Amino acid sequence: MTAATDAGRAVADAHRREWAFVLAATVRVAQDLDLAEECVQEAYAAALSAWERDGIPGNPAAWLTTAAKRRAMDAIRRERTFRARLPLLVEPEEAVDELALDELDKPDEGQAMDPEDVIPDEWLRLIFTCCHPALAQEAQLALTLRLVCGLPTPDVARALLVSEQTMAARITRAKKKISAARIPYRVPRPAELPDRLTAVLGVLHLLFAAGHTAPSGPTLMRTDLADRALHLARTLRGLMPDEPEVCGLLALLLVTDARRVTRTGAGGRLVRLEEQDRSLWDRGALAEAHELIVAGLRGGRAGRYLLQAAIASLYAEAPTYEETDWPQIVALYDRLLSLWPSPVVALNRTVSVSMAQGPAVALAQVEALEQEGRLSRYQYLPAIKAELLQRLGRTDEAAAAYRQALELTGNEAEREYLAGRLTGQEAGPA
Amino acid sequence: MAQYAILIFDNAEAGDYTLEQQAASKRHADDLIESGAMITAYALQSADTATSLRGDLVTDGPFIDSKEVIAGVCIIEAPDLDAALELARHNPAVQWGRGGVEVRPVAGGVAPIAR
């Protein structure tokens, strides 16, 4: 391997792992998201040639942070009126002073920058700023992908299914609001935490969901997004180990992701839960999730994510699909519904009802949800209805429901699966 | 410190504030004055006294046709949005179920002129 490819790999690696840390540490100095981002980008670009020339540093994150912070300092020196014009993220008691500027000029500053010492707080500040409840959820998600995950804007646009132009405008608008309304760069006080944490957990969950079943496109999954969400959830759990909902979200992502390799078969074909090879599931991840769930449930009142994780874990623990503890799952869904009365939860509940109490009971509940109309664009409603009708032998109605589901889904693997169900069923006995 | 406008919205069909509601508003304003956050505040006459101008057109009623109308405005000073939201949350109009408030950073302005 040449030094060039080694350095390239090291920079790519550091980009994936350390972006959020380097940015968070730089924002503290730059006190402005745009400036900080620019400096971090320049630092990564500079790293490539510097590491090729001098070798890869022992602590790449510290190297990058120092380089990015120095650029920020230089920019501030050049433009003394900076903070007057852009009051973003100003924390007067921690304002940049000459002392701090001098500090960075010392030759051994790399040693003083141990990521372990600085990451948790800085990283949390960054993610809580991106997920501030004063920002729309779509903006929270976009900012998290852009600033915390370091995805370039075109990739963020692709991940969230909007045009690059729309996404660039959305990110600019969110940053402008952070700056103009002075959304503070800080970890919320304990009293504010429930609100703010809900936004953060919601964003990580959405990020994972977008990776777990891509809303459109040729493949069922976008593993890069799922991996990022898992990494962030794990980091958050390390930072807030006592929050039951943080445990719950991590557990939920772990249980769901443990089935990753069995969800698709040859050629990307979608494989249903009941047909998946359970021996291939990631037992380590399932065990880790189980521990989190038990600890979380012991810790007090279970929240939305913990209950969802407990449901997913029950599915995963059964030796076979048929032997799943359906009544227990229905009971957990009842608790979840009382806490979070979402029509999607009500719909998912009907699947376990169909196993515990038979397809006719479940079908009546699905039809009630259909009447309500809130899920009229949701492809899983007609898909579930079709399965139930099929089990009841109402073939023609099932075919109509499958067609309806086909019209609503944008994911190719799901389309293929539904089309297969439809033809298989039409070819079968009437 | 930054300045924020707190725009107080009310349901136009809900009628005037009750005496209790007026007293609660007064207490909240006093709290803001006492804490030093208050810059200035005005309660407005009901929206059916409003007249709107758009080009040459003069029309009766508020500028935007909606169920909720602006009932008052208050300018406060706070270090950041979180602090401003905390003050706004204590505005009794938030709790009455007939309106609410909007918080907007002030871009610039003229201080009240003493007469």
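Source: prediction; values computed, not measured.

Visitor: Mind showing me how you'd approach the overall build of chain B here?
Guide: Of the regular secondary structure elements, chain B holds two helices and six strands. Ordering the α and β elements of chain B from the N terminus gives β-α-β-β-β-β-α-β. Its C-alpha radius of gyration of 15 Å places chain B within 12% of the 13 Å reference for a compact globule of 115 residues. With respect to the principal axes defined by its C-alpha atoms, chain B has extents near 40 × 35 × 30 Å.

Visitor: So what exactly am I meant to see when it comes to the interface of chain A and chain B here?
Guide: By a widely used convention, the size of an interface equals the accessible area lost when the partners come together. Across the boundary between the two partners, chain A contributes ten residues, which contact nine residues of chain B. Summed over both partners, the interface of chain A with chain B buries about 740 Å², with 50% contributed by carbon and sulfur atoms. The largest share of the area that chain A buries against chain B comes from Ala 181, Arg 182 and Pro 184 of chain A, three residues that together contribute 56% of it. Our count for the contact surface shared by chain A and chain B stands at two salt bridges. Broken down by class, the residue content of the side of chain A that touches chain B amounts to five nonpolar, one polar and four charged.

Visitor: Explain the nonpolar core to me, please; I cannot follow it from the model alone.
Guide: Buried together is how nonpolar side chains tend to be arranged in soluble globular proteins. Residues and elements named next belong to chain A. Membership of the largest hydrophobic core comes to 127 residues, with the highest contact counts inside it found for Trp 51, Ile 127, Leu 145 and Leu 236. If you tally residues by element for this core, the top one is helix 1 (residues 3-30), at 14 residues. Judged by nonpolar contacts, the second largest core, of 28 residues, contains Val 353, Leu 369, Ile 384 and Ala 386.

Visitor: Would you mind going over the packing of aromatic side chains with me for this structure?
Guide: Aromatic rings in a pair are described by how distant their centres are and how their planes are angled relative to each other. Following the criterion strictly, the structure yields six aromatic pairs over all chains and no others. Arranged with centres 5.1 Å apart and planes meeting at 70 degrees, the rings of Tyr 321 of chain A and Trp 326 of chain A form a pair that is edge-to-face. For the pair shown, Tyr 321 of chain A and Trp 326 of chain A are each scored as buried. Ring geometry for Tyr 17 of chain B and Trp 96 of chain B: centres 5.0 Å apart, planes at 65 degrees, overall edge-to-face. One end of the pair, Tyr 17 of chain B, is in the loop between strand 1 (2-11) and helix 1 (19-35); the other, Trp 96 of chain B, is in the loop between helix 2 (81-89) and strand 6 (99-105), with 79 residues separating them in the sequence. Trp 96 of chain B gets classed as partly exposed once you look at its relative accessible area, which sits at 24%. Of the aromatic side chains, those joined through ring pairs into one cluster are Tyr 315, Tyr 321 and Trp 326 of chain A. Directly above the aromatic system of Trp 340 of chain A lies the positively charged group of Arg 304 of chain A, at a separation of 3.7 Å from the ring centroid.

Visitor: Is there a simple way to explain the state of the cysteines in this structure?
Guide: Note on terminology: disulfide describes a covalent bond linking the sulfur atoms of two cysteines. Residues and elements named next belong to chain A. Scanning all chains against the criterion turns up zero disulfides over all chains. Cysteine Cys 149 remains unbridged, with the sulfur of Cys 130 as its closest cysteine sulfur at 9.2 Å. With a relative accessible area of 3%, Cys 149 lands in the buried category.

Visitor: Help me understand the pattern of salt bridges, please; the structure alone is not making it clear to me.
Guide: As enumerated under the stated definition, the model contains 30 salt bridges over all chains in all. We note a salt bridge from Arg 89 of chain B to Glu 86 of chain B, for which the minimum N-O separation is 2.7 Å. Of this pair, Arg 89 of chain B and Glu 86 of chain B are both found in helix 2, three residues apart, which corresponds to roughly one turn of the helix. Take Glu 86 of chain B: its relative accessible area is 28%, and that puts it in the partly exposed class. One network of salt bridges, with partners in common, ties together Arg 186, Arg 189, Glu 192 and Arg 196 of chain A together with Asp 82 of chain B.

Visitor: What am I meant to see in the confidence of the model for chain B here?
Guide: Detailed reading of the predicted coordinates is not advisable wherever pLDDT is low. All names here are of chain B. Looking at chain B as a whole, the pLDDT averages 93, with 100% of positions reaching at least 70. Per-element confidence in chain B is highest for strand 6, whose mean pLDDT is 96, and lowest for strand 4 (residues 57-60), whose mean pLDDT is 92. Scored by ipTM, the complex comes to 0.86, with pTM at 0.75.

Visitor: Where do I start with the UniProt feature "domain: RNA polymerase sigma factor 70 region 4 type" (unreviewed entry) in chain A in this structure?
Guide: Those residues carrying the UniProt feature "domain: RNA polymerase sigma factor 70 region 4 type" (unreviewed entry) are residues 127-178 of chain A in this numbering. Structurally, residues 127-178 of chain A comprises 73% helix and 0% strand, and the distance from its first C-alpha atom to its last is 13 Å.

Visitor: Could you clarify how one ought to interpret unusual backbone geometry in this entry?
Guide: Peptide bonds are trans in most cases, and residues, glycine excluded, mostly fall at negative phi. Residue and element names in this part refer to chain A. For Gln 31, which is not glycine, the phi torsion reads 60 degrees and is therefore positive. By the element assignment, Gln 31 lies in the loop between helix 1 and helix 2 (33-54). With a phi close to 55 degrees, Arg 182 is a non-glycine residue in the positive phi region. For Arg 182, the location among the structural elements is in the loop between helix 10 (164-180) and helix 11 (193-212). Residue Arg 182 is classed as buried on the basis of its relative accessible area of 15%.

Visitor: So what exactly am I meant to see when it comes to the packing of helix 13 (residues 244-258) of chain A against helix 15 (residues 304-317) of chain A here?
Guide: Angle between the axes and distance between the axes: these two values describe a pair of packed helices. Residue and element names in this part refer to chain A. The N-to-C vectors of helix 13 and helix 15 enclose an angle of 30 degrees; their axes lie 7 Å apart at closest approach. Judged by the angle between their axes, helix 13 and helix 15 are roughly parallel. Helix-helix and strand crossings are classified by hand; for helix 13 and helix 15 the assignment is left-handed. Within the contact between the two elements, helix 13 uses Pro 244, Glu 245, Gly 248, Leu 249, Ala 251, Leu 252 and Val 255 and helix 15 uses Arg 304, Tyr 305, Leu 306, Gln 308, Ala 309, Ala 312, Ser 313 and Ala 316. A breakdown of the residues in the contact of helix 13 with helix 15 according to their chemical character gives ten nonpolar, three polar and two charged.

Basis of the calculations
- Residue positions are given per chain, counted from 1 along the sequence in the order it is written.
- Here every chain gets a letter starting at A, and every ligand a number starting at 1, in the order they are written.
- Where local features are concerned, this predicted model is filtered to residues with pLDDT of at least 70; where side-chain atom pairs are given and counted, the filter is 80 or more; whole-chain, interface and lining totals use all residues.
- In computing side-chain properties, one takes all heavy atoms of the structure into account and sets aside hydrogens as well as water.
- What counts as a helix is a DSSP run of H or I of at least four residues, what counts as a strand is a run of E of at least two, and both are numbered from the N terminus.
- Using C-alpha atoms as the atom set, the radius of gyration is obtained and then compared with a globule rule of 2.2 Å times the number of residues to the power 0.38.
- Whether two residues touch is decided by their heavy atoms; if any such pair falls within 4.5 Å, the residues are in contact.
- For any pair of parts, buried area is found by adding up, for both, the accessible area (1.4 Å probe) each one loses once the two are put together.
- A pairing counts as a salt bridge when a side-chain nitrogen of Lys or Arg comes within 4 Å of a carboxyl oxygen of Asp or Glu.
- Polar here means any residue outside two lists: the nonpolar Ala, Val, Leu, Ile, Met, Phe, Trp, Tyr, Cys and Pro, and the charged Asp, Glu, Lys and Arg; Gly therefore counts as polar.
- Among buried residues, the Ala, Val, Leu, Ile, Met, Phe, Trp, Tyr and Cys ones that are joined through side-chain atoms within 4.5 Å form a nonpolar core.
- Exposure classes here rest on a 1.4 Å probe applied to the protein chains alone. A residue is buried below 20% of its type maximum, exposed above 50%, and partly exposed in between.
- Stacked, edge-to-face and tilted are the three classes for Phe, Tyr and Trp ring pairs, Trp counted by its six-membered ring, which pair at centre distances within 6.5 Å; planes under 30 degrees apart are stacked, over 60 edge-to-face, the rest tilted.
- Definition used: whenever NZ (Lys) or CZ (Arg) falls within 6 Å of the ring centre and also within 35 degrees of the ring normal, the charge is taken to sit over that ring.
- What counts as a disulfide here is a pair of cysteine sulfur atoms lying within 2.5 Å.
- Per-residue confidence from the prediction method is given by pLDDT, with values spanning 0 to 100.
- UniProt positions are given in the numbering used here, feature names are shortened, and annotations may be inferred rather than shown by experiment.
- An axis is simply a line fitted to the C-alpha atoms; with a helix, the fit covers only the stretch in contact. Between two such axes, the angle follows the N-to-C directions and lies from 0 to 180 degrees.
- An angle counts as roughly parallel when it lies under 35 degrees, as roughly antiparallel when it exceeds 145, as roughly perpendicular when it falls between 65 and 115, and as oblique in every other case.
- By the definition used in this description, the sense in which the near helix is turned from the far one sets the handedness, with an anticlockwise turn below a right angle giving left-handed and a clockwise turn giving right-handed.

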